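Remarks on the overall topology
Okay, here's what each chain looks like letter by letter:
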Amino acid sequence: MNNDGFDQFKGSSDYVTSEPLRNAVNVSIALGRPLLIRGEPGTGKTLLAHSIAHGLRKKLIIWNIKSTTKAQEGLYVYDTVQRLNDSRFGDRDVSDIKQYIKLGKLGQAFASPEQVVLLIDEIDKADIEFPNDLLNELDEMSFYIPETNETITAIHWPIAVITSNAEKELPDAFLRRCIFHYIEFPDANLMEEIVRVHFPDIKNSLLHEALKAFYSLREIDEFRKKPSTSELIDWIRALIAGGVAHEKISSEIPFIGTLLKKETDYDYFVNNHMTRIGDTFFTRWRR
Amino acid sequence: MAKIDMFTDFFYTLRKRKVPVSTTEWMTLMEALAKGCISNLDEFYYLARAILVKSEAYYDHYDVAFQEYFKGIEAPAEISEQILEWLKGPLNRMTLTEEEQALLDRMDFEELIKEFEKRLKEQTEQHNGGGYWIGRGGTSPFGHSGYHPAGIRIGGESRGRHAIQIAQERRFRNYRSDLTLDVRQIKMALRGLRELSRIGPEDELDLEETIDATAKNAGEIELMWTRSRKNAVKVLLLMDVGGSMEPFALLCSQLFSAAHSSSHFKDFQYFYFHNCIYDNLYQDIERQEAISTDYLLRTMEPDYKLLLVGDARMSPWELMERYGAINYYERNETPGIVWLKRITEHFTHSVWLNPDNPSIWPHPTVQMIGKLFPMFELTLDGLGQAVKKLIVKK
């Protein structure tokens, strides 16, 4: 990337990125296209938007998508019930419709006087048609409000980051307009960097033992939910707080509950990979 | 423009390798190239991937195509500028060993670059078309790890991963949707099994209607309710277990757990059989709890979506003959094929998922069963097609 014509994302101090990801971000900013981010849970999809906002010193607007979210809500909501209520009891002038139009997150991002970072989080949670309903607005970066005969046009095109867990296939027409990046699960080297961001003073011996145990656990395919980055961070926090000696980490896996969140996974692991001696569990799976 | 034309073949290489690239995306890539977003092949690799490929399932196809197209490409000149930049930084020089420092001090930059490029070329030739002028782990042109672009980390943290090398690693092979399945992916595929309809109690506020009614009521608020939309799909899963299905046990259990934990079906029923369906089906894998197939057909509504899983591979008599059941004590009065026929006639929508590779489907019983049920391979793609077949309106 050697283009000086636009803001360049270089990562931020609290978020470790790979070069391909940084490139994808910069391409999306340069072309003014939404960046679609996919990846396993816990690979920092949502945090990316925070990091972009922080790194480029821009305001972040977050639109959390739920299964009931409608595309229209992102543009604006016409609060008809309030107006209806005011028409009966209120002392407001109900003929002024403008005061009942509330801009949604997308609308706010368009109307903002300076460029913002817009995070559309977990877009796949919504109805199958949801992304298609936003196509036109994301293409033209404007929308029309018939109630007030107004058109909201983006003053500065927002830097749009969209995350998805790929629970549903996103429509092709939508995908064609996006820049796509799949965040791989970090390898041990990158993970080391990530952990060091959270625990700058961590001892090498502890970090390496913890990572070794963590990646061996991830190799067990029978788990319903494999431990991810956030679980690792929690676990290391627990290990440090508990003052666990590093040589005990892979033999006993203390605080295993922070890594395996599902009861079935926990049971599976304890039954198949651990031997109980006295009151302590020892792993049988050391390779 | 010449630069841009050069890439058009790449577009067709991608299409040939089944990466679903559209012209829209291609134009976007051209726009990005015109803006000068890239300076070397590594960046091109990621730039083109970010713009052209929209699912990790196609990353592997992309890698294959990229490899094919760029195999003969040699080190672009831009790299020397980067090396120059890098060498200018005093901190970077400190990471070199003493020997390298000494070598560096003996040459001026020009010389160094020339030497560098020369040796890179040698390397390319020696390594028989490898063309990986940034090698990782060992093959340094200077005989020292530090000098090599991999060692000196040109371009930040790229760790010297040359684009073609990355492509050749094909790390995304496991993400190909025609190869692997896991519970989550199966669940996604099964999500396609939905037919939304308004059923159940009227428990959802219908805002539009409420406003209309209230307006008609001269502003006196009148609440209107509607039924909420729910998935009406019911699923019946019949699975072949044991014997020749043993190698697919994990795959089948993944399919089962995906279907079982998919909460969006109105109803989910499952039974097991061995080899072929005869007079009885079983509620457990050990085949202890039997339920008569006849009873099942009498009690289950025909609108259950039927998924049969099995390799459909058996001796012809096991399918065609009375008493043909592989288990001698089963003593089936009715041949398996008749049962299968009754089943396919009873249910309006049914599919057969075969875990075997289609290349070995030409087998008498597989063919016969394939005539009764639309047969799909038990992969993500096959499952997707099967799901589409199941929700077709009849």
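The sections below set out a description of the structure shown in this document. (Residues numbered from 1 in each chain as written. Chains lettered and ligands numbered in written order. Predicted model: local features only at pLDDT ≥ 70, side-chain atom pairs only at ≥ 80, totals over all residues. Heavy atoms only, no water.)

**Remarks on the overall build of chain A**
Just so we agree on the cut-off: Counting from the N terminus, the helices are the DSSP runs of H or I reaching at least four residues and the strands are the DSSP runs of E reaching at least two. Accessible area is worked out with a 1.4 Å probe on protein chains only. A residue is then buried under 20% of its type maximum, exposed over 50%, and partly exposed in between. Contacts: residue pairs with any heavy atoms within 4.5 Å of one another. Only the protein chains shown count as cover for residues, and the accessible areas themselves come from Shrake-Rupley with a 1.4 Å probe.
Along chain A, the regular secondary structure elements total 12 helices and 11 strands. Going through the 287 residues of chain A one by one, you find that 51% of them count as buried. Restricting to contacts in chain A with at least 6 residues of sequence separation, those with at least 24 account for 70%. Counting only carbon and sulfur atoms, one obtains 47% of the accessible surface of chain A, whose full area is about 13700 Å².

**A short note on helix H12 (residues 263-273) of chain A**
Residues and elements named next belong to chain A. Basically, it comes down to this: This arc corresponds to the set of directions leading from the helix axis out to the C-beta atoms.
Within the span of H12, buried status applies to Asp-265, Phe-269, Val-270 and His-273. Projected down its long axis, H12 carries its buried residues within an arc of 125°, all on one side. Facing away from the buried surface of H12 by more than 90 degrees, the exposed residues are Glu-263 and Asn-271.

**Some words on the side chain of B:Thr365**
Residue and element names in this part refer to chain B. Tracing the sequence through the fold places Thr-365 in helix H18 (residues 364-372). Taking the relative accessible area as the measure of exposure, Thr-365 reaches 0% and is therefore buried. Not counting residues within four places of it along the chain, the set of residues in contact with Thr-365 comprises Ala-312, Arg-313, Met-314, Ser-315, Pro-316 and Leu-319.

**Looking at the pattern of salt bridges**
To be explicit about the condition: For salt bridges, the criterion is a side-chain nitrogen of Lys or Arg within 4 Å of an Asp or Glu carboxyl oxygen.
Counted according to the given criterion, the structure contains 16 salt bridges over all chains. Residue B:Glu31 is joined to A:Arg33 by a salt bridge in which the shortest nitrogen-to-oxygen separation is 3.8 Å. With B:Glu31 in helix H3 (residues 23-34) and A:Arg33 in the loop between helix H1 (19-31) and strand S1 (35-39), the pair connects residues from two separate chains. By relative accessible area, B:Glu31 is classed as partly exposed at 32%. Between B:Lys16 and B:Glu68 there is a salt bridge, with the nearest N and O atoms lying 2.9 Å from each other. In this pair, B:Lys16 sits in helix H2 (residues 8-16) while B:Glu68 sits in helix H5 (residues 59-70), placing the two residues 52 residues apart along the sequence. It is possible to trace a salt-bridge network through shared partners that takes in B:Lys16, B:Arg17 and B:Glu68.

**What to know about the packing of aromatic side chains**
So the rule is basically this: Two aromatic rings, drawn from Phe, Tyr or Trp (for Trp, its six-membered ring), form a pair once their centres lie within 6.5 Å of each other, and the interplanar angle then sorts them: stacked below 30 degrees, edge-to-face above 60, tilted otherwise. Here, over-ring charges are defined by two tests on the NZ atom of lysine or the CZ atom of arginine: distance to the ring centre within 6 Å, and angle to the ring normal within 35 degrees.
Counted under the stated rule, the structure contains 27 aromatic pairs over all chains. Here the aromatic rings of B:Phe10 and B:Phe44 are separated by 5.9 Å at their centres, their planes lie at 50°, and the arrangement is tilted. Taken together, the residues B:Phe10 in helix H2 and B:Phe44 in helix H4 (residues 41-52) connect sequence positions 34 residues apart. Like B:Phe10, the residue B:Phe44 is buried in the burial classification. Among the residues examined, B:Phe10 registers a relative accessible area of 0% and is labelled buried. Grouping aromatic residues by their ring pairs yields a cluster made of B:Phe10, B:Phe44, B:Tyr45, B:Tyr46, B:Tyr62, B:Phe66, B:Tyr69 and B:Phe70. Directly above the ring of A:Phe185 sits A:Arg218, whose terminal nitrogen or CZ lies 3.4 Å from the centroid. Directly above the ring of B:Tyr59 sits B:Arg49, whose terminal nitrogen or CZ lies 4.0 Å from the centroid.

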